[in-house]
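Geometric and topological summary
Residue-level listing of the chains:
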Amino acid sequence: MVNKPVWEALTQELNAAGATLVAVSKTKPASDIQELYNLGQRHFGENYVQELVTKQEQLPADICWHYIGHLQSNKVKYIAPFVHLIHAVDSYKLLVEINKQAEKNGRVIDVLLQMHIADEETKFGMEEAEIFGLLEHYTAQQDAMQHVRICGLMGMASNTDDEAKICSEFARLCNFFTHLAETTFFAKPYFAIKSIGMSSDYGLALAAGGNMVRIGSMLFGSR
Ligand SMILES: *Cc1c(COP(=O)(O)O)cnc(C)c1O
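Only a predicted model underlies this, so the values are computations on that prediction, with no experimental measurement involved.

Observations concerning the packing of aromatic side chains
Tallying each qualifying case throughout the model produces four aromatic pairs. Centre to centre, the rings of Phe177 and Phe191 are 4.7 Å apart; their planes meet at 15 degrees, and the pair counts as stacked. Of this pair, Phe177 sits in helix H7 (residues 163–182) while Phe191 sits in the loop between H7 and strand E7 (193–195), and the two are 14 residues apart along the sequence. In this structure Phe191 comes out as buried when scored by relative accessible area, which is 5%. Taking 4.1 Å as the distance between ring centres and 5 degrees as the angle between the ring planes, the aromatic pair formed by Phe185 and Phe191 counts as stacked. Across this residue pair, the class does not change: Phe185 and Phe191 are buried. Counting every residue linked through ring pairs, the aromatic cluster contains Phe177, Phe185 and Phe191. The cationic tip of Arg42 hangs over the ring face of Tyr37; the distance from NZ or CZ to the ring centre is 3.6 Å.

Focus on H7
Here H7 spans 28 Å end to end across 20 residues, near enough to the 28 Å set by a 1.5 Å rise per residue. Among all positions of H7, only Ile166, Glu169, Phe170, Leu173, Cys174, Phe176, Phe177 and Leu180 are buried. Angular distribution of buried residues about the axis of H7 spans 160 degrees; they occupy a single face of the element. Looking at H7, the residues exposed on the side facing more than 90 degrees away from the buried face are Ala164, Asn175 and Glu182. Lining the buried residues of H7 we find strand E5 (109–115), helix H6 (128–140), strand E6 (148–155), E7 and helix H8 (202–208). If you check the start of H7, you find a side-chain oxygen 3.3 Å away from the backbone N of Ala164, and it comes from Asp162.

Let's talk about the site of the ligand
Near the ligand, the surroundings consist of 13 residues, among which Lys26, Ser199, Gly216, Ser217 and Arg223 are the closest. A distance of 2.9 Å separates a nitrogen atom of the ligand from a polar side-chain atom of Arg214. Burial of the ligand by the surrounding chains reaches 90%, relative to a free accessible area of 390 Å². Using a 2 Å cut-off from the grid points, one finds that the ligand occupies the largest pocket.

Side note on empty space enclosed by the protein
Enumeration over the complete set of coordinates arrives at one cavity of 30 Å³ or more. Taken as a whole, the largest cavity holds about 30 Å³ of empty space. If you trace the largest cavity, you find it lined by Gln114, Met115, His116, Ile117, Ala118, Lys123, Phe124 and Met156. The residue makeup of the lining of the largest cavity, split by class, is five nonpolar, two polar and one charged.

Looking at the environment of Ile33
Relative to the helices and strands, Ile33 resides in helix H2 (residues 30–39). Considering only alpha carbons, one finds Ile33 and Val2, 31 residues apart in sequence, at a separation of 8.4 Å. Excluding anything up to four places from it in sequence, Ile33 contacts Ser25, Phe44, Glu46, Lys55, Leu59, Ile63 and Trp65.

Quick word on H6
When the terminal C-alpha atoms of H6 are compared, their 18 Å separation across 13 residues agrees well with the 18 Å that a helix rising 1.5 Å per residue should span. Along H6, the residues that are buried comprise Ile131, Leu134, Leu135 and Tyr138. Each buried residue of H6 sits inside an arc of 100 degrees when the element is viewed along its axis, so together they form one side. Those residues of H6 that are exposed and aimed more than 90 degrees away from the buried face are Ala129, Glu136 and Ala140.

What to know about the layout of surface pockets
In this structure, the largest pocket encloses a volume near 660 Å³. Along the walls of the largest pocket sit 33 residues, with Lys123, Met156, Ala157, Met198 and Arg214 positioned nearest its centre. When residues of the lining of the largest pocket are traced back to their parent elements, those giving at least two are H7, H8 and strand E8 (212–215).

Side note on unusual backbone geometry
Backbone geometry at Thr27 places phi at a positive 70 degrees, although glycine is not the residue there. In this structure, Thr27 sits in the loop between strand E1 (20–24) and H2. What makes Thr27 partly exposed here is its relative accessible area of 48%. Positioned with a positive phi, Ala187 is a non-glycine residue whose angle comes to about 65 degrees. Mapping Ala187 onto the fold places it in the loop between H7 and E7.

Parameters at a glance
Residues numbered from 1 in each chain as written. Predicted model: local features only at pLDDT ≥ 70, side-chain atom pairs only at ≥ 80, totals over all residues. Heavy atoms only, no water. Phe/Tyr/Trp six-rings, centres within 6.5 Å; stacked < 30°, edge-to-face > 60°. Helix = DSSP H or I, 4+ residues; strand = E, 2+ residues; numbered from the N terminus. Buried < 20%, exposed > 50% of the residue type's maximum accessible area, 1.4 Å probe, protein only. Lys NZ or Arg CZ within 6 Å of the ring centre and 35° of its normal. Expected span 1.5 Å × (residues − 1). Arc of directions from axis to C-beta. Contact = heavy atoms within 4.5 Å. Polar contact = N/O pair within 3.5 Å; in protein donor to acceptor, adjacent residues only side chain to side chain. Near = heavy atom within 4 Å. Areas by Shrake-Rupley, 256 points an atom, 1.4 Å probe, with all protein chains shown as cover. 1 Å grid on protein atoms, 1.4 Å probe; cavity = no way out; pocket = protein on both sides within 12 Å on 5 of 7 lines; lining within 4 Å. Sits in = over half its atoms within 2 Å of the grid points. Points joined across faces, edges and corners; volume = space filled by probe spheres on them. Nonpolar A, V, L, I, M, F, W, Y, C, P; charged D, E, K, R; others polar.

These figures capture arrangement, not role.
If you want it as structure tokens, here you go:
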């Protein structure tokens, strides 16, 4: 079951803020996705490869599927034919594999680099220095890397009630984004996405400058 009034209010709020809503449908049945689709939602996020492939086969072809979870290189080939945006690139090796599979499918795949902003050890993502390292490799190999487009950054804040802490983590990502936009990605208009914010902290993400939010439980109920 989908919470229609919540979706409507959220959509209005995000439209006003110029942000994109990715409805995170992981573990939820295809019927829930169809319900939101019928209301007008087109961007959906999943974080298990097999589940995403199964749902993609069952649901309308014009859905924009976002892969938001940790992605293993050996699984890229299953989603490469159709994925709209891969949020959580956390190594150059993964980027190379995405480029390879995109080329096989005659596509250019859009990706985000996952930045580690939370203090918990368990969260995936790269520190600033690792991102600089990845971009150095990418720039050096740019002719061979024409089948991926780095469109921005993604991050997950600490799981805490401390709003000031969450705000400072989001601000760190947004400041780093601005730095990259003004240097490495100077005059590249596609470098434009800051994917931050989930059900519990999307308001703080918008305030920090986020323009893509990934929201699950608020729309579909708890998992
Ligand atoms: C599950 C998930 C979300 C959505 O979380 P909710 O709290 O249900 O809104 C967002 N981003 C990622 C990476 C997720 O895995």
